[in-house]
Amino acid sequence: MTGAESPHPLSSRLRSLRPAAFGADPAGERWARIRRSPNFSDGSFQNPVGARTRPSGGSMIEFAKIYFRKEARARRSPIGVVPVHPTTLDDLAKPPASGLRLTWIGHSSVLAEIDGRRVLFDPVWGERCSPFSFAGPKRLHPVPAPLADLGPVDVVVISHDHYDHLDLPSIRALASTDTVFAVPLGVGAHLERWGVPADRLRELDWNESTEVAGIRLTATPARHFCGRGLRNQQHTLWASWAVAGPEHRIYHSGDTGYFPGFKDIGAEHGPFDATMIQIGAYSEYWPDIHMTPAEGMRAHRDLQGDRPSGVMLPIHWGTFNLAPHPWAEPGEGTVAAAAAAGASVALPRPGEPFEPTGAGVPSELWWRAVAPVPAEGWTTAGGASSPEVAPTA
């Protein structure tokens, strides 16, 4: 096989019959570049440290028993209407006074306004994070604002190609705009199939950077995996992202397990005014690829050089049911971890813009109003039991 050939034995006719949501396989010069990557060996991309990506054997059976247990299932969803911020578009119409503003759309989707530019991370406006419209994890709250009404976006940043981060309907809608797409190596094949012109793609390996509209975007390592189709061959890279403007710096973790490399990323690209850190969809059955809230806070501290600086925005929770833990647990765990670390954490409702370096970072524990109450009751950040009771509808 030469460097420019496709690694996939399917005929071009069979590949053309594959559902559009599965995307496309890297081929040609893109495949040759993947094979040259220092992060690619033995036929697949490799993690910075070893990682188990899914339950197997007996652990899969144990996981299934826990996941489908009736009582546990009831705790994995809100019991009322999730309070989405009602004035997102009106708030975004005013420029941020500090020059930096973040709007958590839900899950890992964040609109970052940084030094006069707009960066949209992992836009997922679809109703399900799935290749199918009739099956798969369904959104637990509506999007706070229509994608088309957000206004111009300078660059869309994708962390990896899983369905809850790379959403076909959202990418097709954005493909009709003038935005640039910054993606990990190999992911560009999906976007080109969905209508994104090659000249609007910035496809990066770890530790490579690109400049768009005066801001610098660097793909940094993460500990995760990839895959959209029936086969998972690890031929598209996953990444976290460091973004630097003239005055501010931010970081988006994508999906990742904890690993020592956060310290190196912080030393090279930080400290950050704000970090957006994955703290949901964790499980003892896949401990290497998603962080718990405590691990997420540890990563935030590593990125800041172990100093209590910057604001952490917890992401990858609250919007889709993707793991066995209770729906509200990631929020509660983040509050407790922040208190223990003496760190600043932002707790916005979906769609609530805030300025990490300004006054009034959101701090209300809004999820408690619509979450099943734990058997031991709510705990405050200091660990004391609270008798608050959520509504029954």
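Procedures and definitions
- Residues numbered from 1 in each chain as written.
- Predicted model: local features only at pLDDT ≥ 70, side-chain atom pairs only at ≥ 80, totals over all residues.
- Heavy atoms only, no water.
- Axes fitted to C-alpha atoms, helices over the stretch in contact; angles between N-to-C directions.
- Helix = DSSP H or I, 4+ residues; strand = E, 2+ residues; numbered from the N terminus.
- Parallel < 35°, antiparallel > 145°, perpendicular 65-115°, else oblique.
- Left-handed = near helix turned anticlockwise from the far one by under 90°.
- Contact = heavy atoms within 4.5 Å.
- Nonpolar A, V, L, I, M, F, W, Y, C, P; charged D, E, K, R; others polar.
- Salt bridge = Lys/Arg side-chain N within 4 Å of Asp/Glu carboxyl O.
- Buried < 20%, exposed > 50% of the residue type's maximum accessible area, 1.4 Å probe, protein only.

Draft legend 1. Region of the structure containing the packing of helix α9 (residues 293–303) against helix α10 (residues 329–341). Between α9 and α10, the shortest axis-to-axis distance is 8 Å and the interhelical angle comes to 45°. As summarised for this structure, α9 and α10 are arranged oblique, according to the angle between their axes. When you trace α9 past α10, the crossing you get is right-handed. Across the interface between the two elements, Pro-293, Ala-294, Met-297 and Arg-301 of α9 pack against Glu-329, Pro-330, Gly-333, Thr-334, Ala-337, Ala-338 and Ala-341 of α10. When its residues are assigned to classes, the contact of α9 with α10 shows seven nonpolar, two polar and two charged.

Draft legend 2. Summary view of the pattern of salt bridges. The tally for this structure, following the rule as stated, stands at nine salt bridges. Arg-368 is paired through a salt bridge with Glu-332; the nearest N and O atoms lie 2.8 Å apart. You can see Arg-368 sitting in the loop between β16 (353–354) and β17 (378–379) and its partner Glu-332 sitting in helix α10, a full 36 residues away along the chain. Glu-332 shares its class with Arg-368; the two are buried. Arg-349 is the salt-bridge partner of Glu-364, the closest N and O atoms lying 3.1 Å from each other. Highlighted residues: Glu-364 in the loop between β16 and β17 and Arg-349 in the loop between β15 (344–345) and β16, separated in sequence by 15 residues. According to the relative accessible area criterion, Glu-364 is partly exposed, its value standing at 47%. You can call Arg-349 partly exposed: its relative accessible area is 21%.

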